[in-house]
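Read off the chains here:
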Amino acid sequence: MSKKQQFKYFSISNCYLGTALTGNRNNSTLEAMAMEKPAILFNTGDTHQINRKKECALLVKPRSVKKLANKMKLVLSNMAVYKRIAIAGRAFVESECSWRNRIKKELNVYQRVLK
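Structural notes, computed from the coordinates. (Residues numbered from 1 in each chain as written. Predicted model: local features only at pLDDT ≥ 70, side-chain atom pairs only at ≥ 80, totals over all residues. Heavy atoms only, no water.)

1. With respect to the sheet that holds strand β3 (residues 58–60)
1) Next: Reading across from one edge, β1-β2-β3 is the order of the three strands in this open sheet, with parallel pairing throughout. Either end of the sheet is taken by a strand with one partner, and the two such strands are β1 (16–18) and β3. The sheet shows a mean angle of 15° between the axes of neighbouring strands, taken without regard to direction.
2) Next: Bridge count for strand β2 (residues 39–42) against β3 is three bridges, and the pairing is parallel. Opposite L41, over in β3, you have L59 as the bridge partner.
3) Next: Sitting on the sheet, helix α3 (residues 65–77) is in contact with β1, β2 and β3, with an inclination near 165° to β3. (Pairing = 2+ DSSP bridges. Helix = DSSP H or I, 4+ residues; strand = E, 2+ residues; numbered from the N terminus. Axes fitted to C-alpha atoms, helices over the stretch in contact; angles between N-to-C directions. Contact = heavy atoms within 4.5 Å.)

2. Let's talk about the packing of helix α2 (residues 27–34) against helix α4 (residues 79–96)
Helix-helix packing: each pair is described by the crossing angle between the helix axes and the interaxial distance.
1) Next: Contact geometry of α2 with α4 gives a least axis separation of 7 Å together with a crossing angle of 120°. Of the possible angle classes, the one that applies to α2 and α4 is oblique. Regarding α2 and α4, the two cross each other, and that crossing is left-handed. Between α2, through L30, M33 and A34, and α4, the contact on the second element is made entirely by A86, G89, R90, F92 and V93.
2) Next: Here the contact of α2 with α4 is built from residues that sort into six nonpolar, one polar and one charged. (Parallel < 35°, antiparallel > 145°, perpendicular 65-115°, else oblique. Left-handed = near helix turned anticlockwise from the far one by under 90°. Nonpolar A, V, L, I, M, F, W, Y, C, P; charged D, E, K, R; others polar.)

3. Notes on the nonpolar core
1) Next: Y16, L30, A32, M33, A39, L41, I50, C56, A57, A88, F92 and V93 form the largest nonpolar core, which has twelve residues in total.
2) Next: Elements supplying a minimum of two residues to this core: α2, β2 and α4.
3) Next: If near-sequence neighbours (up to four positions away) are discounted, M33 is found in contact with A39, I50, C56, A86, G89, R90, F92 and V93.
4) Next: If you look at the next biggest cluster of nonpolar residues, it comprises eleven residues, including L58, V75, Y82 and I85. (Core = buried A, V, L, I, M, F, W, Y, C linked by side-chain atoms within 4.5 Å. Buried < 20%, exposed > 50% of the residue type's maximum accessible area, 1.4 Å probe, protein only.)

4. Section: the pairing of β2
1) Next: Both faces of β2 are covered, namely the face carrying A39 and L41 and the face carrying I40 and F42.
2) Next: Sheet topology note: the β1/β2 ladder contains three bridges and is parallel. In the strand pairing of β2, G18 is matched with L41.
3) Next: At this point the chain moves from β1, through α2, to the parallel β2, and the crossover so formed is right-handed. (Right-handed = clockwise from strand over helix to strand, strands pointing away.)

5. Some remarks on unusual backbone geometry
The general pattern is negative phi for most residues beyond glycine and trans for most peptide bonds.
1) Next: Phi at E36 takes a positive value of approximately 60°, unusual for a residue other than glycine.
2) Next: Within the fold, E36 resides in the loop between α2 and β2.
3) Next: Owing to a relative accessible area of 34%, E36 belongs among the partly exposed residues under this scheme.
4) Next: The phi dihedral of R63 is positive, around 70°, even though this residue is not glycine.
5) Next: Structurally, the position occupied by R63 is in the loop between β3 and α3.

Following this line, the structure appears as structure tokens:
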């Protein structure tokens, strides 16, 4: 799927579901969060790291389809929850996953090594 198609589908979606059983902290999750789509994710791999500092996504036990559906219903029926998760998700991506931030962290490592 092209980036243009991804943008189209993300822009018309109300929330993002991450149902991978190996990890949901991937590019598609981060792209949806960057577009302020609340993420509802199976808590697999290092997915829990998304909520390390603040609740930025709703996490569900893997294979718990009923709980996933309940979280979806919560997000879609409660605008306060929707906005809180959506805004926190975007803030997470901007602060933790941006190229600017990544390069800054890497430069700090190099500076420490060279001292």
